[in-house]
Amino acid sequence: MRAEPLPAFVPTPVLPSAGPGDSGPDLTVHEVSGNLGADLWVGSGRADIARLIADLPPRIDTPTLNMLVRRALLTEAVPPRGPAPTPDIPVLSVAALATLGDLDGASVRAAAIPAKERTEDLSRLSADLDLLRGDLDSACATGAEAIAKSTDAYWQKLVSFCQVREDRRDQAALATDLLRDLGHRDPAYFALMDTLLGFDKAKISTLPSITPLQFAMLRAANLPLPPDAAESAKPALLRAVAQSEGIDLAVRLTAAEQAVAANALDPAILGKLYLQGGTSWTPAARPGAEGVSAETAAERAALFRSARTATERVPRAAALKQLFDAAARNGVLRPVAEISMPLMRDLRPAAHLSFFAPQAVRAAVSADEPAVAAEWFQVALREAPGNPLAAKGAAEVWPLMMLAAPDTAWSDQLFRSWWEQQLATDTARAAERAAAFLALLEALDTRVPAQAWSLLPAATPQRGQAVPALRDLRAAAEKRRRGETLLRAAVVTKTNPERTPESARLHAIVSALRAAGFGDQARSFAVDAALGLGI
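Residues numbered from 1 in each chain as written. Predicted model: local features only at pLDDT ≥ 70, side-chain atom pairs only at ≥ 80, totals over all residues. Heavy atoms only, no water.

### Focus: the nonpolar core
Membership of the largest hydrophobic core comes to 180 residues, with the highest contact counts inside it found for Met344, Trp376 and Phe437. By residue number, the principal contributor to this core is helix α22 (residues 427-443), which donates 11 residues. (Core = buried A, V, L, I, M, F, W, Y, C linked by side-chain atoms within 4.5 Å. Buried < 20%, exposed > 50% of the residue type's maximum accessible area, 1.4 Å probe, protein only. Helix = DSSP H or I, 4+ residues; strand = E, 2+ residues; numbered from the N terminus.)

### A few points about the side chain of Asn263
Tracing the backbone shows Asn263 in the loop between α13 (249-261) and α14 (267-274). The buried category is assigned to Asn263, whose relative accessible area is 4%. Separated by 3.2 Å, the side chain of Asn263 and the backbone oxygen of Asp61 make a polar contact. (Polar contact = N/O pair within 3.5 Å; in protein donor to acceptor, adjacent residues only side chain to side chain.)

### Looking at the packing of aromatic side chains
Inspection of the entire model under this criterion finds 12 aromatic pairs. Note on Trp418 and Phe437: the rings are 5.5 Å apart at their centroids and 65 degrees apart in plane angle, and the pair reads as edge-to-face. Of the two residues, Trp418 is situated in helix α21 (residues 412-425) and Phe437 in helix α22; the sequence distance between them amounts to 19 residues. According to the relative accessible area criterion, Trp418 is buried, its value standing at 1%. Lying over the aromatic face of Tyr189, Lys157 brings its terminal NZ or CZ to 5.5 Å of the ring centre. (Phe/Tyr/Trp six-rings, centres within 6.5 Å; stacked < 30°, edge-to-face > 60°. Lys NZ or Arg CZ within 6 Å of the ring centre and 35° of its normal.)

### A look at helix α12 (residues 235-242)
The buried fraction of α12 is high, at 8 of 8 residues. Those residues of α12 that sit buried are Pro235, Ala236, Leu237, Leu238, Arg239, Ala240, Val241 and Ala242.

### A look at the state of the cysteines
Under the defined criterion, the tally for this structure stands at 1 disulfide. Note on cysteine connectivity: Cys140 is disulfide-linked to Cys162, with sulfurs 2.0 Å apart. As the torsion about the S-S bond is roughly -90 degrees, the Cys140-Cys162 disulfide counts as left-handed. You can see Cys140 sitting in helix α6 (residues 136-146) and its partner Cys162 sitting in helix α7 (residues 153-165), a full 22 residues away along the chain. (Disulfide = S-S within 2.5 Å.)

### With respect to the environment of Ala255
With respect to the element layout, Ala255 can be found in helix α13. When the C-alpha positions of Ala255 and Val241 are compared, they lie 6.3 Å apart, and in sequence the two are 14 residues distant. Ignoring any residue separated from it by four or fewer positions in sequence, one finds Ala255 in contact with Leu238, Val241 and Ala242. (Contact = heavy atoms within 4.5 Å.)

### Let's talk about the confidence of the model for the protein chain
Looking at the protein chain, pLDDT values average 87 and 89% of them are 70 or higher. Per-residue pLDDT stays below 50 along residues 7-31; that stretch engages in 64 contacts with residues further than four places along the chain or on separate chains. (pLDDT = per-residue confidence, 0-100.)

### A closer look at the packing of α21 against α22
Remark: α21 packs on α22, axes separated minimally by 6 Å, with the N-to-C direction vectors making an angle of 150 degrees. Accordingly, the angle class assigned to the pair α21 and α22 is roughly antiparallel. Counting all contacts with α21, which are made through Phe415, Trp418, Trp419, Gln422, Leu423 and Thr425, the residues of α22 involved are Thr427, Ala430, Ala431, Arg433, Ala434, Phe437 and Leu438. (Axes fitted to C-alpha atoms, helices over the stretch in contact; angles between N-to-C directions. Parallel < 35°, antiparallel > 145°, perpendicular 65-115°, else oblique.)

### Quick word on unusual backbone geometry
With an omega of -5 degrees, the peptide bond between Thr86 and Pro87 qualifies as cis. The phi torsion at Asp368 lies on the positive side, around 60 degrees, for a residue other than glycine. Inspection of the secondary structure assignment puts Asp368 in the loop between α18 (357-366) and α19 (370-383). Residue classification places Asp368 among the exposed positions, given a relative accessible area of 62%.

### Overview of the environment of Ser126
Position of Ser126 among the secondary structure elements: in helix α5 (residues 120-133). A C-alpha to C-alpha distance of 9.3 Å links Ser126 and Ala95, two positions 31 residues apart in sequence.

### Points about helix α9 (residues 187-196)
Of all 10 residues in α9, 8 are buried; the element is thus mostly enclosed. Here α9 has its buried residues at Ala188, Tyr189, Phe190, Leu192, Met193, Asp194, Thr195 and Leu196. Buried residues belonging to α9 abut α7, α8 (169-181) and α10 (212-220). Within two residues after α9, Gly198 carries a phi angle of roughly 90 degrees, on the positive side.

### Brief notes about the pattern of salt bridges
Going through the model one piece at a time under the given rule, you end up with 27 salt bridges. Between Lys149 and Glu145 there is a salt bridge, with its nearest N and O atoms 3.9 Å apart. With relative accessibility at 70%, the residue Lys149 sits in the exposed group. By relative accessible area, which is 51% here, Glu145 ends up exposed. (Salt bridge = Lys/Arg side-chain N within 4 Å of Asp/Glu carboxyl O.)

What follows is the structure in structure tokens.
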């Protein structure tokens, strides 16, 4: 077959520059404002909302629910009734936004709190936000003000760090020795202070629970970030690592992928980092299988660049296929898909590219491009007769299309083929995925034939009816306690003490979102959840 060239001009994403302390546009993925209605908290108790905010997970990877929760935390709606708990909802909201990686939203929320209501907890949150953004002058100013009123060790450590910056080393050394003598436990802090003071150079090989202050001190001491610091970091720190130019590029790439996956960083920043890799990284061959491994972010960046520079359609489709497969295996398909969509749009779905159709569909759905996904799905369907690979691909992504594109028709044949694929490739999770898929369809009011459920050994969604967390979620939704519904849905995604089947949890969340008036978002969440389960 004659090679088909791509257009001479290969478009790439708009990639803004960014770094610590960047004063340019908001780099959080999707600028968010509250605006969910003045009645968001009507019917909810103040203590209940405060507890739910405090119980929110540190990461909400489903983009739809992440966005809704952040909007609820930023809302200017009438506060719920009841006596004010300590800490109250505004401070808890700032903490939750910061933990989720929305540093700008957290700062906006904090600035809106009247001076008379500002607490020491809020001051500490503000200092941490400034440390993560690289605005050390503001963090130090907050510390200098707070230490006059508080004896908390946090402020003493921050002020001592600031004294080193101001070349007041004797005062910093004295305060640090005093903390040691008092038995304060923070080995990493003391090792970093010794380095900054010119004593022994710290050798920190592990820091799984790194704090914003420790991160700022590592940067000031020009010390490498321990690998486990980025691996186990919360979204806010992942975002800070990704934007810190002095950190090793491979570490920044890993952090950026995870930050985008956690909805804490604009995908364009990841795209920019992918293009900085140069030519030194070559994806390793994947033993025992066709293609490459690309199990690291650096290798995925190399594949992205290969796809970007391909001048013909088949090589680009092949590179993107390998890239999307590797990204899916490592839980970062959505970040990679979002920055790759401009490359996808140049390909134009065609029969000779049907080998790429399932990866293209999954990537397009991940990037919230259902129309693009539908075009590639149609390619697989058209090529399926007489083409076993295309038939397999069509069945593989048909469940996603059922959820993402409501006009996709139910097919007993495609469902049975998909179910057989699940049993063949991942027997341990086949029933869980199939039950979750059918439960999501039913929650979206799509009729599921009885014979589909009969193929599965798993229970139907009603298994979750008696679970307290799901019962409370349903009650909030049915009574149109909209903000409470969003928070309870997010909390339910984090904890599962009753070992409720995933199908029951997802059915309850989607049903609750619809009942509370978030119908469009309910379908988007269903798609997010299906992708997260590998459906």
